[in-house]
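Structural features, examined
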Amino acid sequence: MRTYHCFWLLFWAGQPHQSFLTSLSKRTSGFPDKGKVLVLSGNSRRELSRSKRSWMWNQFFLLEEYTGTDYQYVGKLHSDQDKGDGSLKYILSGDGAGDLFIINENTGDIQATKRLDREEKPVYILRAQAINRRTGRPVEPESEFIIKIHDINDNEPMFTKDVYNASIPEMSDVGTFVVQVTATDADDPTYGNSAKVVYSILQGQPYFSVESETGIIKTALLNMDRENREQYQVVIQAKDMGGQMGGLSGTTTVNITLTDVNDNPPRFPQSTYQFRAPESTPPDSPIGRIKANDADVDENAEIEYSITEGDGYDMFGIATDKDTQEGIITVKKALDFENKNLYILKVEATNTYVDPRFLYLGPFKDSATVRIQVEDVDEPPVFSRPAYIIEVKEDVPINSVIGTVTAQDPDAAKNPVKYSVDRHTDMDRVFNINSGNGSIFTSKPLDRETLLWHNITVIAAEINNPKQSSRVPVFIKVLDVNDNAPEFAMFYETFVCENAKAEQLIQTLSAVDKDDSYSGHQFSFSLAPEAASSSNFTLQDNRDNTAGIFTRKTRYNRHEMSTYLLPVVISDNDYPIQSSTETVTIRVCACDHRGKMLSCNAEALIHPTGLSTGALIAILLCIIILLVTVVLFAALRRQRKKEPLIISKEDIRDNIVSYNDEGGGEEDTQAFDIGTLRNPEAIDDNKLRRDIVPETLFMPRRTATARDNTDVRDFINQRLKENDTDPAAPPYDSLATYAYEGNGSVAESLSSLESVTTDGDQDYDYLSDWGPRFKKLADMYGTMDSDKDS
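Residues numbered from 1 in each chain as written. Predicted model: local features only at pLDDT ≥ 70, side-chain atom pairs only at ≥ 80, totals over all residues. Heavy atoms only, no water.

Time to look at the overall build of the chain. A tally of helices and strands in the chain yields five helices and 43 strands. Counting every atom, the chain has about 50000 Å² of accessible surface; 51% of that belongs to carbon and sulfur. (Helix = DSSP H or I, 4+ residues; strand = E, 2+ residues; numbered from the N terminus. Areas by Shrake-Rupley, 256 points an atom, 1.4 Å probe, with all protein chains shown as cover.)

Turning our eyes to something else, we now look at the state of the cysteines. Inspection of every chain in the model, using the stated rule, returns two disulfides. Two residues share a disulfide in this structure: Cys 497 and Cys 591, whose sulfurs sit 2.1 Å from each other. Residues Cys 497 and Cys 591 are joined by a disulfide whose S-S torsion is about -85°; by sign, that bridge is left-handed. In this pair, Cys 497 sits in strand β36 (residues 493-497) while Cys 591 sits in strand β42 (residues 579-591), placing the two residues 94 residues apart along the sequence. Each disulfide pairs two cysteine sulfurs, and for Cys 589 the partner residue is Cys 600, the sulfurs being separated by 1.7 Å. Between Cys 589 and Cys 600, the S-S dihedral sits near 95°, and the bridge is therefore right-handed. Of this pair, Cys 589 sits in strand β42 while Cys 600 sits in strand β43 (residues 597-600), and the two are 11 residues apart along the sequence. Across the pair, Cys 600 and Cys 589 agree in class, each one buried. Numbered in order of appearance, the disulfide-bonded cysteines of the chain are paired 1-3, 2-4. (Disulfide = S-S within 2.5 Å. Buried < 20%, exposed > 50% of the residue type's maximum accessible area, 1.4 Å probe, protein only.)

Moving on to the pattern of salt bridges. Inspection of every chain in the model, using the stated rule, returns 25 salt bridges. With a closest N to O distance of 2.9 Å, Glu 227 and Arg 226 form a salt bridge. Judged by relative accessible area, Glu 227 falls into the partly exposed class, the value being 24%. With its nearest N and O atoms 3.8 Å apart, the salt bridge here joins Arg 543 to Asp 541. Assessed through its relative accessible area of 67%, Arg 543 is described here as exposed. (Salt bridge = Lys/Arg side-chain N within 4 Å of Asp/Glu carboxyl O.)

With that out of the way, let us pick up unusual backbone geometry. Cis geometry marks the peptide bond from Gln 205 to Pro 206; its omega dihedral reads 5°. Following Tyr 575, the chain continues into Pro 576 via a peptide bond in cis, with omega recorded as -10°. Turning to its location among the elements, Pro 576 is positioned in the loop between β41 (563-571) and β42. Look at Asn 399: it is not a glycine, yet its phi comes out positive at around 70°. Tracing the backbone through its elements, the reader meets Asn 399 in the loop between β27 (388-393) and β28 (401-404). According to the relative accessible area criterion, Asn 399 is exposed, its value standing at 55%. In this structure, Arg 429 takes a positive phi of about 50° despite not being glycine. Tracing the sequence through the fold places Arg 429 in the loop between β30 (417-421) and β31 (431-433).

Turning our eyes to something else, we now look at the side chain of Thr 320. Within the fold, Thr 320 resides in strand β22 (residues 316-321). The class of Thr 320 is buried, set by a relative accessible area of 16%. Ignoring sequence-local partners within four residues, the contact set of Thr 320 consists of Ile 303, Glu 304, Tyr 305, Gln 325 and Glu 326. (Contact = heavy atoms within 4.5 Å.)

Quick look at the sheet that holds strand β20 (residues 286-290) now. Read from one edge to the other, the open sheet built from three strands follows the order β20-β23-β22, with strand pairing classed as antiparallel. Both outer strands of the open sheet, β20 and β22, are each paired with one neighbouring strand and no more. Recorded for the sheet is a direction-independent mean angle of 25° between the axes of neighbouring strands. Both β22 and strand β23 (residues 326-331) contribute to a ladder of six bridges, which runs antiparallel. (Pairing = 2+ DSSP bridges. Axes fitted to C-alpha atoms, helices over the stretch in contact; angles between N-to-C directions.)

The full count for this structure, using the stated rule, is 13 aromatic pairs. Between Phe 159 and Tyr 199, the ring centres sit 6.2 Å apart and the planes meet at 50°, which makes this aromatic pair tilted. Note that Phe 159 is positioned in strand β10 (residues 158-159) and Tyr 199 in strand β14 (residues 198-203), a separation of 40 residues in sequence. Relative accessible area serves as the criterion here: at 11%, Phe 159 is assigned to the buried category. Between Phe 537 and Tyr 564, the ring centres sit 5.4 Å apart and the planes meet at 80°, which makes this aromatic pair edge-to-face. Of this pair, Phe 537 sits in strand β39 (residues 537-541) while Tyr 564 sits in strand β41, placing them 27 residues apart in sequence. (Phe/Tyr/Trp six-rings, centres within 6.5 Å; stacked < 30°, edge-to-face > 60°.)

Locating Asp 422 in the fold gives a position in the loop between β30 and β31. You can call Asp 422 buried: its relative accessible area is 12%. Polar side-chain contacts of Asp 422 include one of 2.7 Å to the side chain of Arg 471. Not counting chain neighbours up to four residues away, the residues in contact with Asp 422 comprise Thr 457, Ile 459 and Arg 471. (Polar contact = N/O pair within 3.5 Å; in protein donor to acceptor, adjacent residues only side chain to side chain.)

To continue, consider helix α4 (residues 712-725). In a regular helix each residue adds 1.5 Å, so 14 residues correspond to 20 Å; α4 covers 20 Å between its end C-alpha atoms and thus fits that length. Turning to α4, its buried residues number three or more, namely Val 712, Phe 715, Ile 716, Arg 719 and Glu 722. Along the long axis of α4, the arc covered by the buried residues comes to 125°, so they all point the same way. Opposite the buried face of α4, at more than 90 degrees from it, the exposed residues are Arg 713, Lys 721, Asp 724 and Thr 725. (Expected span 1.5 Å × (residues − 1). Arc of directions from axis to C-beta.)

Next up on the list: the sheet that holds strand β18 (residues 249-259). If you trace the four strands from one edge of the open sheet to the other, you get β11-β18-β17-β14, paired in mixed fashion. Either end of the sheet is taken by a strand with one partner, and the two such strands are β11 (163-169) and β14. Looking at each pair of strands side by side, their axes are set apart by 30° on average, direction ignored. Bridge analysis of β11 against β18 gives seven bridges, and the strand direction is parallel. Within the sheet, the bridge partner assigned to Asn 165 lies in β18 and is Asn 255.

On the surface, Asp 336, Glu 338, Asp 376 and Asp 378 cluster together to form a negatively charged patch. Tracing the sequence through the fold places Asp 336 in the loop between β23 and β24 (342-351). (Patch = residues over 30% accessible without salt bridge, like charges linked within 9 Å, V, L, I, M, F, W, Y side chains within 5 Å. Lys, Arg positive; Asp, Glu negative; His and termini not counted. Charge placed at Lys NZ, Arg CZ, Asp CG, Glu CD.)

This part takes up the pairing of strand β34 (residues 469-479). Across the two faces of β34 the burial differs, with Ser 470, Val 472, Val 474, Ile 476 and Val 478 buried and Ser 469, Arg 471, Pro 473, Phe 475, Lys 477 and Leu 479 not buried at all. Bridge count for β27 against β34 is six bridges, and the pairing is parallel. By the bridge assignment, Tyr 388 is partnered in β34 with Val 474. Of the pairings in the sheet, the one linking strand β33 (residues 453-462) to β34 comprises nine bridges and is antiparallel in character. Across the sheet, the residue bridging to His 454 is Ile 476, located in β34. Where β33 folds back on β34, the antiparallel hairpin that results is connected by six residues.

It should be kept in mind that the predicted coordinates are not to be read in detail where pLDDT is low. On average, residues of the chain score 78 in pLDDT, and 76% of them reach the 70 mark or higher. Low pLDDT, under 50, characterises residues 682-709; the predicted model gives this stretch 35 contacts beyond four residues in sequence or across chains. Within the model, the stretch residues 785-790 combines pLDDT values under 50 with four contacts to residues more than four positions away or in other chains. (pLDDT = per-residue confidence, 0-100.)

Tracing the chain through its elements places Ile 318 in strand β22. Residues Ile 318 and Val 347, 29 residues apart in the sequence, show an inter-C-alpha distance of 8.5 Å. Apart from residues no more than four positions distant in its own chain, Ile 318 is found in contact with Ile 290, Tyr 305, Ser 306, Ile 307, Gly 327, Ile 328, Ile 329 and Val 347.

Take the environment of Phe 159 next. For the pair formed by Phe 159 and Ala 183, sequence separation is 24 residues and the distance between their alpha carbons is 3.9 Å. If sequence neighbours within four positions are ignored, Phe 159 has contacts with Tyr 164, Val 181, Thr 182, Ala 183, Tyr 199, Ile 236, Gln 237, Ala 238, Gly 250, Thr 251 and Thr 252.

Quick look at the structure:
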């Protein structure tokens, strides 16, 4: 028969340590029955029927936020294999095992070591097992159980925002939605009323209300006016436990702003306004401002002003200043105190935007009366016309009155006026004016053909106040009279062929007249009386302001008569008739059979003189080239540089001279004479430099003669100092090299150069005393002495 072993878990609680046992399907309250036995076989959570070796496993509750000083007792594990001899050991694993939950391994008692917070972790899943202490093998399968933390009301409701901001239009109806606030409670909403939140209003009544369950805030008062109060601060409370006593609560602040609606019409603060305007105020100039007050703001306070009636309706205008909402009254036409000095206007102010919902509050406009007093000012004289046009004939006599201008003072004083001509408009002083009555007369003759219009300006000034003056333009048109005789349109010079036939047309004439003819010019042509009978030519008037010259005879001889002068009389038909005599020059020329001129006795009719353009340009270019050549030649001569005196390969400035001659050794006494350094008197001080042209010859300076046997080093230092101060010394880029071994050497000089300056023979026997290194020299020079002796 198969044997079942059961693992017992016993739970009980005393007064200070409460724990609860409930089934999965039914929640119970109170403590478990002591006689009830619960068993779990394996890891199953099936509800089993009550039997000898089986029991049902459930979940258990443990109160959170335990405040006792001892560990909180949870329950007891017990196995039916436990004989009480300490052979079994109870172990616990899972969530919080060993830390939050500990077990007595001998007795199986489970305890909670710390305060538990359901909001941090609501459920703990643990596994219990009994093992043999000696072998370490489990005597029961591992069993799993749940400890669920029982919630208590330890969290107050928290709003999602610390401060809410909302706005509604003013004058809203009761019950208008404002805003909804929301609070949450971290307690368990499935257990009791710990998380059941109820809303209430602590501040803001009677203007607003809140729904207890939803947190929706609504208006509670009718016709709340923004102009009376714009800002409201409402405090809302959220309380758990369904609002019952002992519940926790939290609050939030709701700032509610009433937005503006157009519920206020514009109103003028006064019914009548007074303004003064000088009559000299120019048009479109402002003379005053008025303003209607509107308690609304923004677009609801925008106002349009207009003039609805009054005797100055067409004299004044009004416009709205968009920035200040003021009405600006301006002058539309020129004012005249003498004509009218008082205007009364009715001005109306109207809201631009009107809300139809509030029309019942009355018309959204207002009106006021504006009185404008025109002030008198000292005005300049006023001419009777804005401009004058005068017509005068050009033959009018000097000092004749041609017209009159009139001006008078518009003021009530009627000050006398004097007239004058602005000489800037009449520089030639052709006209003048009577300063008392304004009569304009001529002071010089007029000529329409010279100037048709004269535009002058007349000045009228008050005698008592000359600064008050005005100007008027006067346009004077000079009318034409027939005072100019007609004349040829051009100078006529023609020719006639020697073989010309009678009645042959040789020239057509035309005429012009400077005068103006209203009906058109009509000219008549005829030969002068002195030439009409004896002339060799005839003149025919074509009646169209032209005439033709014809030959009277068959042949002409240029040798007898080379030139004919034909006088022609030209007359007009105006009054008085004007005429002039013009002369036509006719030359006799030889022509071919077709009538083409070949030659004339006199110079050609058209004989251009002078050089052609190309020839003039060529001459001008030659002159320019010659001038440029002369200038360049002169510049080259001025800028020519000085040539050096010596130009050769030996010039030390530009060349390096190389000598490849091999020296003659000790026997060469001509290569260099050291005696020169020993005897400064031998130096020729009169030598000149060869590398530059001697512009200024400096007299050579005599230096002090060195004493006999002067050291070469002292000599060189002396020469170096002299060269540094000598203006004729070589340039700085020259190099002077001095090599000299001082006489302080122990071995003295071994050179044979100095032997040239010595008269006596030298003894070299001492070389034998210097040792084997100088044996060769001792043999050479000692041998020479022996040879010399022999």
